[in-house]
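# Structural overview
Now for the letters of each chain:
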Amino acid sequence: MLKPVLLLILLLAGVAGAQTEVGGPDLSGPTLTAGQYNTVYNFFSLAIAAMGASAVFFFLGRTQVASRYRLALLITGLVVTIAGYHYFRIFNSWEAAYTLKGGLYVPSGSPFNDAYRYVDWFLTVPLLLLETVAVLALPAVQSRSLAWKLGGAALLMIALGYPGEVGSLAARPWWGAVSSIPFVYILYVLWVDLSRSMERQLPEVKVYIRNMRLLLLLSWGVYPIAYMLPLFGITGAGATVGLQMGYTIADILAKPVFGILVFTIAMIKSAQDSSDGTDLPNSRLAGADD
Ligand code: RET
């Protein structure tokens, strides 16, 4: 499983690299008003604060839950740390991409590097799915199988979307279409496979798992829609600002807010485990025991 995925990623990296060298898209942005520039600036700043603060919360919060759920919180903490770092880089790139001239923000010639998002997704999207599987504390065999299916599909989805993002506009729908195959598969696994394993969860936890899936669908749905916008001629200052705001809101929902749901599930399940005496020292044992 791992080898074909790695080979495909290397191949796509080559395709994407070649495409950017032979004159990829024009990376210099449109001229912005001070209001437009500052709105994006403030949204990036908000994302850095949200990711940084939630990282502290999830790392410290690990001690509040039973040991079998600590892995889920560790992964959640890592996801927001990685995202915080990338938002810091995106923020710096945004600052460098514009200069103030006559009251307007004009492109400085240094391109705004939005590809940081893909680097971020490549690491955090599989981890988000692993954190979802980890907090369910299912039997070990079931957890492993779900983790491979979801993690592998997430890597493929991002790797297949990237060449369309950096390549020519004509190629974008094709890459978008192939990248949507693993996306649909992830949704299928979450709605069909996971529903089967949900039967053994507490009714209270079931509600949170449903909300978690719904939040995932709503926030993740933003990315393929945003990807398609340039194909409908939606470009220019308004589109740039709207897109960056949309991505930032979706990222905060998909990572820190999603993480809070994971934390809540871990708390409820920990309380239940200690009341019925099934709080075992590690998740592997707990899983095998279920
Ligand atoms: C791409 C390419 C076009 C088709 C599809 C895509 C899906 C992207 C997704 C990204 C999720 C990102 C998350 C980030 C969290 O901060 C790659 C845009 C389906 C679903 C969750």
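Residues numbered from 1 in each chain as written. Predicted model: local features only at pLDDT ≥ 70, side-chain atom pairs only at ≥ 80, totals over all residues.

## Focus: the sheet that holds strand 3 (residues 104-107)
Overall, antiparallel pairing links the three strands, which are arranged 1-3-2 in an open sheet. Among the strands making up the open sheet, the edge pair consists of strand 1 (32-33) and strand 2 (98-101). Examined bridge by bridge, strand 2 and strand 3 share four bridges and lie antiparallel to one another. Bridge pairing in strand 3 places Lys-101 opposite Leu-104. (Pairing = 2+ DSSP bridges. Helix = DSSP H or I, 4+ residues; strand = E, 2+ residues; numbered from the N terminus.)

## Concerning the site of the ligand
Taken together, 18 residues lie near the ligand, and Gly-161, Phe-183, Tyr-223, Pro-224 and Ala-254 sit nearest. Secondary structure elements with two or more residues in the shell around the ligand: helix 4 (116-136), helix 5 (140-166), helix 6 (172-198), helix 7 (203-228) and helix 8 (237-276). Grouping the amino acids of the shell around the ligand by side-chain chemistry returns 11 nonpolar, five polar and two charged. (Near = placed C-beta within 6 Å. Nonpolar A, V, L, I, M, F, W, Y, C, P; charged D, E, K, R; others polar.)

## A closer look at the environment of Thr-31
Residue position: Thr-31 is located in the loop between helix 1 (2-21) and strand 1. The partly exposed category is assigned to Thr-31, around which 14 C-beta atoms lie within 10 Å. Along the primary structure Thr-31 and Gly-236 are separated by 205 residues, whereas in three dimensions their C-alpha atoms are 8.4 Å apart. Those residues in contact with Thr-31, other than ones at most four positions away along the chain, are Leu-104, Tyr-105, Val-106 and Ala-237. (Buried ≥ 20, exposed ≤ 12 C-beta atoms within 10 Å, placed from the backbone. Contact = placed C-beta atoms within 7 Å.)

## Considering the packing of helix 4 against helix 8
A packed helix pair is summarised by two numbers, namely the angle formed by the two axes and the spacing between the axes. Running from N to C, helix 4 and helix 8 point in directions that differ by 20°, and their axes come no closer than 11 Å. The orientation of helix 4 with respect to helix 8, classified from their angle, is roughly parallel. Where helix 4 crosses over helix 8, the handedness of that crossing is left-handed. The segment helix 4 lies against helix 8, with Arg-117, Leu-128, Glu-131 and Val-135 engaging Tyr-247, Ala-254, Phe-258, Val-262, Ile-265 and Ala-266. Classifying every residue of the contact of helix 4 with helix 8 by side-chain character gives eight nonpolar, no polar and two charged. (Axes fitted to C-alpha atoms, helices over the stretch in contact; angles between N-to-C directions. Parallel < 35°, antiparallel > 145°, perpendicular 65-115°, else oblique. Left-handed = near helix turned anticlockwise from the far one by under 90°.)

## Some thoughts on helix 4
With 21 residues, helix 4 extends 31 Å from end C-alpha to end C-alpha; this agrees with the ideal 30 Å at 1.5 Å per step. Along its length, helix 4 shows its largest kink, about 30°, at Phe-122, and proline Pro-126 lies within four residues downstream of that point. Of all 21 residues that make up helix 4, 15 are buried, and the element is covered over most of its length. Ala-137, located one to two residues past helix 4, shows a positive phi value of around 45°. (Expected span 1.5 Å × (residues − 1). Bend = angle between axes of the 7 residues up to and from the residue.)

## Some words on unusual backbone geometry
At Ala-137, a position not held by glycine, the phi torsion is positive, near 45°. Position of Ala-137 relative to the elements: it lies in the loop between helix 4 and helix 5. Using a count of 26 C-beta atoms within 10 Å as the deciding quantity, one classes Ala-137 as buried.

## Observations concerning the packing of helix 3 (residues 70-97) against helix 8
Helix 8 packs onto helix 3 with a crossing angle of 165° between their chain directions and a minimal axis gap of 10 Å. Our classification of the angle between helix 3 and helix 8 gives roughly antiparallel. When the axes of helix 3 and helix 8 are compared, the crossing they make is left-handed. Residue-level inspection shows Ala-72, Leu-73, Thr-76, Val-79, Val-80 and Ala-83 of helix 3 in contact with helix 8, the latter providing Asp-251, Lys-255, Pro-256, Gly-259, Val-262, Phe-263 and Ala-266. Considering only residue class, the contact of helix 3 with helix 8 consists of nine nonpolar, two polar and two charged.

## Here's the deal with the confidence of the model for the protein chain
This prediction gives the protein chain a mean pLDDT of 87; 86% of its residues lie at or above 70. Per-residue pLDDT stays below 50 along residues 1-27; that stretch engages in 27 contacts with residues further than four places along the chain or on separate chains. The low-confidence segment residues 281-290 (pLDDT under 50) makes 21 contacts with residues lying over four places distant or belonging to another chain. (pLDDT = per-residue confidence, 0-100.)

## Brief notes about the nonpolar core
The biggest cluster of nonpolar side chains holds 66 residues, and the ones touching the most others in it are Tyr-69, Ala-72, Val-135, Ala-154, Ile-158, Val-262 and Ala-266. For this core, the secondary structure elements donating two or more residues are helix 2 (34-61), helix 3, helix 4, helix 5, helix 6, helix 7 and helix 8. Ranked by the residues each element gives to this core, the list is headed by helix 5, at 12 residues. Not counting residues up to four positions away in its chain, the partners in contact with Ala-72 are Glu-131, Ala-134, Val-135, Val-262 and Ala-266. (Core = buried A, V, L, I, M, F, W, Y, C linked by C-beta atoms within 7 Å.)

## Here we look at the pairing of strand 3
Pairing of strand 1 with strand 3 involves two bridges; the strand directions are antiparallel. The residue of strand 3 that forms the bridge with Thr-33 is Leu-104.

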